[in-house]
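Take a look at the letters that make up each chain.
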Amino acid sequence: AMAKGLQAVTTFGDDAIISMQSQLLTFTKIGGDVVPRATEAILDLATKMGGDLKGAAVQVGKALNDPIKGVAMLGKSGVQFSEDQQQMITALVETGRLAEAQTVILAELETQFGGSAKAARDTFGGAVTALQNAFGDLLEGDGGNLKDAKEGVESLTKALSDPQVQMAFGQIVGGIFQVTTAVANALPKLTAFTTWAAQELAASFSG
């Protein structure tokens, strides 16, 4: 439900968001209450930096899992933390307040990149991407909306795979080519006849 909601306001598909969240949850020190906020931070970071969701998830996941080392790694990627923030994060981690340290990191990510994913959706390119995502959902047919179409395609595939159908199709195609060849060979004669008839009629009408 969260992924579908975010798909509606960003350019990322719900399947990609779910896959990204699965990547995020491999970091064992990230609590479930942090995931929604971290998810949006990752979408914003990937949008602003032009990267993929998996890469952004790894960056944010490492930072939240180990804030002291994570802040330094984020700094190399262009996410800047002040000296005061770094000292605060270190103090919070060393006193066992990991969740508070994670909050500081997420707050800074929101300050620098917050709203980037939603802003990208509010463009012509974003609208086109959203249309592609919606069409992708339609083709998935999770709700059975394409069940009949799927069964029809499967029936056609089965029929076309039948050896007798393939043999008959080959004969039909061969016959079409034979007829086409005969028509092509007859065209010069037909043209000559048409020319002769036109000349004869012209001569007759002109006396």
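Everything below is about the structure shown above.
The sections below set out a description of the structure shown in this document. What you see is a predicted model; the values in this text were computed from it and never measured.

### Description of the environment of A72
- For A72, the location among the structural elements is in helix α5 (residues 67–76).
- By relative accessible area, which is 46% here, A72 ends up partly exposed.
- Considering only alpha carbons, one finds A72 and G31, 41 residues apart in sequence, at a separation of 22 Å.

### Examining the pattern of salt bridges
- Counted under the stated rule, the structure contains three salt bridges.
- Across the pair R37 and E110 runs a salt bridge whose closest N-O atoms are separated by 2.6 Å. With R37 in helix α3 (residues 35–49) and E110 in helix α7 (residues 98–113), this pair connects stretches of sequence that are 73 residues apart.
- For E110, a relative accessible area of 33% translates into the label partly exposed.

### A look at a nonpolar patch on the surface
- On the surface, V179, V183, L187, L190, F193 and W196 cluster together into a nonpolar patch covering about 620 Å² of accessible area.
- Its location among the elements puts L190 in helix α11 (residues 163–206).
- Residue L190 is classed as partly exposed on the basis of its relative accessible area, which comes to 48%.

Reading the values: the criteria
Residues numbered from 1 in each chain as written. Predicted model: local features only at pLDDT ≥ 70, side-chain atom pairs only at ≥ 80, totals over all residues. Heavy atoms only, no water. Helix = DSSP H or I, 4+ residues; strand = E, 2+ residues; numbered from the N terminus. Buried < 20%, exposed > 50% of the residue type's maximum accessible area, 1.4 Å probe, protein only. Salt bridge = Lys/Arg side-chain N within 4 Å of Asp/Glu carboxyl O. Patch = residues over 30% accessible without salt bridge, like charges linked within 9 Å, V, L, I, M, F, W, Y side chains within 5 Å. Areas by Shrake-Rupley, 256 points an atom, 1.4 Å probe, with all protein chains shown as cover.

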